[in-house]
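These are the residues of each chain, in order.
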Amino acid sequence: MAISSPTITNPRQVALSALRDVARGAYADAALERGFSRSQLTSADRHLATELVYGTVRQRRTLDAIIDRLLRKPEKSGSELRSILQLGLYQLRYMDRIPASAAVDTAVELTKENRMAGLAALVNGVLRQYLRQQAEFAGDWCGGLELIARLGTSYSFPDWLIAQWLPLLGEAGTIALCQEFNRSPAIDLRVNPLRTDRASVLEAFQAAQISALPLEHSALGIRLTGSAGAIPNLPGYTEAWWTVQESSAQLVSLLLDPQPGEVIVDACAAPGGKTTHIAELMGDQGTIYAIDPTASRLRKVTQNCDRMELKSVQTILGDARQQPDLDGQVDRVLLDAPCSGLGTLHRRADARWHKTPAMIQELAVLQGELLSASARWVKPGGVLVYATCTIHPAENEDVIGPWLAAQEDWRIDRPPGALASLASQEGWITTWPQEHHTDGFFMVRLVKSSH
């Protein structure tokens, strides 16, 4: 008879197991879910394990640089030992609510429990040495390195990203962006105007003692400002009064400005946050074609529409580049293009380590192809909004600029209403996390001439 493995009840063991999987190439979220499936943790312990994994992965470069200074022979440290040191050091450096003694002692115990009792004294010594030398790792502790490596090591980003941001933002702006990406992101909600209004939702939250504030640029937006607990337990979730949607993402559909009775295409629709927003803005009157090439992701669009009882959305399974039946038939198109996601690095702990410059160049080609294909759908006088959740110019300005230069019947249309204040001189909008405390988004509204 097979002997089942004991259920794990230690959140640090779950975190270590997840980091072990990450070291083998797994994504952090998938590794953590696998760890949870093999464990029985309280809600508080799940929260601790989540922060340990995401935080350690996010701060990996900084933690490794400190460990390399503290170890006598860093090149001989195995991945398991290094993961334990990273976990202990992350708690000492970044988690104020965990006493230093607890961080050290639990790391030592973790070493023993994972068949490395002979290294327990080393773990204890390295972590206590960090505590003694803590002041040396504050401020500009990487001062001997050149600027790109210094910032990359201090804030735990790959050099190529730092090199990309410095010419755009300068040193102070780059540091501010790095700091923002190393913080936990806010949770934003978008009120469903077909069911209620923002004032009523805020009133319901206040009655439930949930801290929330209205968003500035989205008349339907709310930001949760305190601990809210499980999202499905919030007032109005069951009634579809609102849906979770990040504040910059809300601006994209507002920029599109859909009108009742129109034919709209959401060219890369899954999982459907912007699709449902468009439907709400149209009063659920008209036709919205939601296109996505992946069946499982397209099902999420349908599920979102069903939950909100929206009738105007029709899904199309396929590649947006191969939809000739739509040519000249559409009033407005939203092209929320596949991108590197470099504006959302605070939401994906390991994304900074997986993205590459080569990947971005490949995406830019795809984005240009999608732009050309979706522009053919638009009627004379119609609108196309191009948007990405990246702040890399190669996927944004460098896609739009050359494409527009080759067109005779398209131009940039400056944003309407409250969005006008966010527009650049060229007419597009870029939201910067360190400036707007949002995800990093790029969006531009294009209009086709009417003759």
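What counts and how
Residues numbered from 1 in each chain as written. Predicted model: local features only at pLDDT ≥ 70, side-chain atom pairs only at ≥ 80, totals over all residues. Heavy atoms only, no water. Buried < 20%, exposed > 50% of the residue type's maximum accessible area, 1.4 Å probe, protein only. Helix = DSSP H or I, 4+ residues; strand = E, 2+ residues; numbered from the N terminus. Arc of directions from axis to C-beta. Core = buried A, V, L, I, M, F, W, Y, C linked by side-chain atoms within 4.5 Å. Contact = heavy atoms within 4.5 Å. Lys, Arg positive; Asp, Glu negative; His and termini not counted. Salt bridge = Lys/Arg side-chain N within 4 Å of Asp/Glu carboxyl O. Polar contact = N/O pair within 3.5 Å; in protein donor to acceptor, adjacent residues only side chain to side chain.

Novice: Lay out helix α2 (residues 28-37) with the relevant residues and their values.
Specialist: The set of residues buried in α2 consists of Ala28, Ala31, Leu32, Gly35 and Phe36. For α2, the angular spread of the buried residues around the axis is 140°, confining them to a single face.

Novice: So what's going on with the nonpolar core? Which residues, and what values?
Specialist: Residues Val53, Leu85, Val123 and Leu127 are the most contacted members of the largest nonpolar core, which totals 47 residues. Among the elements that line this core, the one with the most residues is helix α5 (residues 79-94), at 7 residues. For Val123, the residues in contact, after removing those within four places along its chain, are Leu81, Ile84, Leu85, Ala107, Val108 and Thr111. In this structure, Leu251, Leu334, Phe441 and Val447 belong to the second largest nonpolar core, which totals 33 residues.

Novice: Just give me the short version of unusual backbone geometry, but keep the residues and values in it.
Specialist: Here Ala270 and Pro271 are connected by a cis peptide whose omega angle stands at 5°. By the secondary structure assignment, Pro271 is in the loop between β5 (263-266) and α12 (273-281). The phi angle at Ala240 is positive, at roughly 60°, despite the residue not being glycine. Assignment of secondary structure puts Ala240 in the loop between β3 (221-224) and β4 (242-244). Ala240 sits in the buried class, given a relative accessible area of 0%.

Novice: Can you lay out the side chain of Glu246 for me, pointing to particular residues and giving the numbers?
Specialist: Relative to the elements of secondary structure, Glu246 occurs in the loop between β4 and α11 (247-256). Arg347 is the oppositely charged side chain nearest to the buried, salt-bridge-free Glu246, at an N-O distance of 4.5 Å. Separated by 2.7 Å, the side chain of Glu246 and the backbone nitrogen of Ser248 make a polar contact. Among the polar contacts made by the side chain of Glu246, one reaches the main-chain amide nitrogen of Asp439 at a distance of 2.7 Å.

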